[in-house]
Amino acid sequence: MLDIDTKRRIDTARDILVGKVPDPKSQVEQITIALIYKFMDDMDAESEEFGGNRKFFAGEFARYGWAKLMHSGMGGFETLNLYAEAITRMPENPGIPPLFRDIFKNAYLPYRDPGTLRMFLKVIDEFNYDHSERLGDAFEYLLSVLGSQGDAGQFRTPRHIIDFMVAIIDPKKTETMLDPACGTAGFLISSYKHILKSNSDAKGETTSLTPDEMGRLAQNFKGYDISPDMVRLSLANMYLHGFVDPHIVEYDTLTSQDRWNEYADVILANPPFMSPKGGIKPHNRFSVQSKRSEVLFVDYMAEHLTPGGRAGIIVPEGIIFQSQTAYKQLRKMLVEEYLVAVISLPAGVFNPYSGVKTSILILDKSLARKTNTIAFFKVENDGFGLGAQRREIDKNDLPQVRAEIGEYLRRVHTGESVEDLRPTLGLIVQREKIAANGEYNLSGERYRDTVVTRTQWPLVRLREMCEFRSGLWRGKKEPLRVVKILRNTNFTKNGFLNIEDVAEHPVEVGQLESRFLQYGDIILEKSGGGPTQPVGRVALFNIPTGEYSYSNFTTRIRVIDKRANSLFVWLILNHLYQAGVTERLQKQTSGIRNLGACRNNHTDGEATQSRAGLVHHFTKAEGTHSVLLRPVADLLPSYR
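1. A word on the nonpolar core
- Counting residues in hydrophobic clusters, the biggest one holds 104 residues, and the most contacted among them are Tyr37, Tyr83, Phe100, Phe120 and Ile343.
- If sequence neighbours within four positions are ignored, Phe120 has contacts with Ala13, Ile16, Leu17, Gln30, Ile31, Ala34, Tyr83 and Tyr111.
- Core analysis: the next-biggest nonpolar cluster, separate from the first, contains 45 residues, Tyr251, Ala264, Ala302 and Tyr440 among them.

2. Concerning the packing of aromatic side chains
- Applying the stated rule across the entire model yields 15 aromatic pairs.
- With 5.8 Å between their ring centres and 70 degrees between their planes, Phe56 and Phe100 make a pair best called edge-to-face. Residue Phe56 is found in the loop between helix H2 (24-49) and helix H3 (66-69), and its partner Phe100 is found in helix H5 (residues 98-103); the two are separated by 44 residues along the sequence. Phe100 carries the same exposure label as Phe56, and that label is buried.
- Centre to centre, the rings of Phe221 and Phe243 are 5.6 Å apart; their planes meet at 80 degrees, and the pair counts as edge-to-face. Placement of the pair is Phe221 in strand E2 (residues 221-225) and Phe243 in the loop between helix H11 (228-239) and strand E3 (247-250), with a sequence separation of 22 residues. Here Phe221 matches Phe243 in class, with each residue buried.

3. Details of the sheet that holds strand E4 (residues 264-269)
- Ordered by their spatial adjacency, 9 strands build an open sheet running E3-E2-E1-E4-E5-E7-E6-E8-E11, and the pairing between neighbours is mixed. Each edge of the sheet is formed by a strand with only one pairing partner; in this case those strands are E3 and strand E11 (426-430). Averaged over all pairs of adjacent strands, the angle between strand axes in this sheet comes to 15 degrees, irrespective of strand direction.
- Where strand E6 (residues 339-344) meets strand E8 (residues 373-378), 4 bridges bridge the pair, whose relative direction is parallel. Its bridge partner being in E8, Ser344 is matched across the sheet by Lys378.

4. Observations regarding unusual backbone geometry
- Note that the residue after Glu478, namely Pro479, is joined by a cis bond; omega there is 5 degrees.
- Note that Pro479 resides in the loop between strand E12 (466-470) and strand E13 (480-486).
- The phi dihedral of Asn106 falls on the positive side, at around 65 degrees, and the residue is not glycine.
- Counting through the fold element by element, Asn106 comes out in the loop between H5 and helix H6 (114-124).
- Non-glycine residue Tyr440 carries a positive phi angle of around 55 degrees.

5. A look at the confidence of the model for the protein
- In the predicted model, the protein carries a mean pLDDT of 83, and 83% of its residues have values of at least 70.
- When pLDDT is averaged over each helix and strand of the protein, the minimum, 32, is found for helix H21 (residues 605-612) and the maximum, 98, for E4.
- Across residues 148-153, confidence stays below pLDDT 50; counting only partners more than four residues off in sequence or on other chains, it has 14 contacts.
- Of the regions scoring below 50 in pLDDT, residues 588-592 engages in 10 contacts with residues more than four places distant in sequence or in other chains.

6. Notes on the packing of helix H12 (residues 293-303) against helix H14 (residues 325-337)
- Taken N-terminus to C-terminus, the directions of H12 and H14 make an angle of 20 degrees; their axes are 10 Å apart at the nearest point. One way to sum up the angle between H12 and H14 is to call them roughly parallel. Two packed elements cross with a definite hand, and for H12 against H14 that hand is left-handed. For the pair formed by H12 and H14, the contact residues are Glu294, Val295, Val298, Asp299 and Ala302 on the first element and Ala326, Tyr327, Leu330, Met333 and Leu334 on the second.
- Of the residues that constitute the contact of H12 with H14, the class distribution is 8 nonpolar, no polar and 2 charged.

Reading guide: rules and limits
- Residues numbered from 1 in each chain as written.
- Predicted model: local features only at pLDDT ≥ 70, side-chain atom pairs only at ≥ 80, totals over all residues.
- Heavy atoms only, no water.
- Core = buried A, V, L, I, M, F, W, Y, C linked by side-chain atoms within 4.5 Å.
- Buried < 20%, exposed > 50% of the residue type's maximum accessible area, 1.4 Å probe, protein only.
- Contact = heavy atoms within 4.5 Å.
- Phe/Tyr/Trp six-rings, centres within 6.5 Å; stacked < 30°, edge-to-face > 60°.
- Helix = DSSP H or I, 4+ residues; strand = E, 2+ residues; numbered from the N terminus.
- Pairing = 2+ DSSP bridges.
- Axes fitted to C-alpha atoms, helices over the stretch in contact; angles between N-to-C directions.
- pLDDT = per-residue confidence, 0-100.
- Parallel < 35°, antiparallel > 145°, perpendicular 65-115°, else oblique.
- Left-handed = near helix turned anticlockwise from the far one by under 90°.
- Nonpolar A, V, L, I, M, F, W, Y, C, P; charged D, E, K, R; others polar.

Here it is as structure tokens:
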């Protein structure tokens, strides 16, 4: 457990560096290099104390010993030059093992301020290498500042989500473990701790692992990462958690074939979600042909499980419901051969670095052959608020989901029936139902036979409380009238309108009369420009003056039930778009994306609700404006 003094030292070191090294990842790298430097000197001192010899700082490298750096008689620039030279030359040091050479690979000092370095080294000097778990905890705390790893869609997985996934997969002491996008090795270390705990007594002492088993255990963990910086941090993290020779390599999982024939019993990963411009250029050994990194990573992990292998993979929502061919092929393969459970996570899990909505896929090659069902679970609260601060709260669905999925997997493993199993936070679906329409959609809510609601408000169909009217075609039948026409290009990301560039066109007066916008109307984008452009965006018409209409690629929604509130409806519809629900209703015709629920001059509200499983979102209520917004605040924390 992280102690207060260690946390203070790490925070102080970062505070010293931030003026010269503002990037958090660079701060972590500088602290990592300095800690390993100091710990190598500590191990030399320990060796001398017990009658041995120095090996890390011996021969020509003796001049770089930590004590020389901290010598009070050295000038500021003399110390700076010695330290900068030492970390640059360390990979050439014959006295250090390959692990440390890799950590110091391409290391350099990014600033030339002697005062900053002197203060920084003084803080590092307070650390001592003592072979304890405390150093591992300290390094994990240091890594927690990383959060987002840049533009590759890499986000550090929260510790409690990692531990949750590890507990479900339950790696064993004899199994091989792989993370093909390991980042800072969080999944590997959590799995290692899980195995140690599973083989410990009530006092926490490891009792059922022999020395030989401990040695083999350390050899069972492998990690790949394309980034040399992440490899450096992974090596240091695993070393500080007791791995003398960690197997972390710099490797491009998606384009290299060098390790294609290596398999694992357990794979746990949170692979990058984003693909570079132009897509990935993979080799041709993948079962699913794609240039999308999230598709290829899931394919890779499924194909690299041993016959009885298991995997837990964090995926973006595109994997769950995107309709492009590669996504459907991947889901078909998973449903037919690998998938046993899907766990939907709330959208704020990666806050404040990203609001991306994710799910966890649970694969088990052995169990998938024993059952014709897949379990779906939904986590609404993970023990932390879903805002930017992610403060701890008392609502946490993870323990319940873990218990329920554990019971489902146990029954499948033992051959017991799951027909009477009724998860409170999920449902169990027949594979044939998932495969019925060829989409293999992995959104569990769409397979509910009935919609369960928890609202005190009466349930009302959207079409019963609103009027729908499709937009204007220009037309040529006179009389014509020039009018301002709002298009989807006027929609902002947050659901409002930008009227700086509004088109004006002559249109048929006969069409126009029923298509003027009123204050409070909602405009829905029903058709998009290309195969990857999602539709379903909404914009609130809140312009108090002027005559405006809307284009034929949009639909107007006007609330006609006086007991309902247009702002409330807009909030809900905007949330459905932001959450990706409307994207699931898209249909593609001639390369154009169309919202499947919009036909002719109306929106099929019943179809929208039944397909999305969101009847309870469309409610009406009597009362004041504030009363109407209370249920919105409950549903949409981001609008509070």
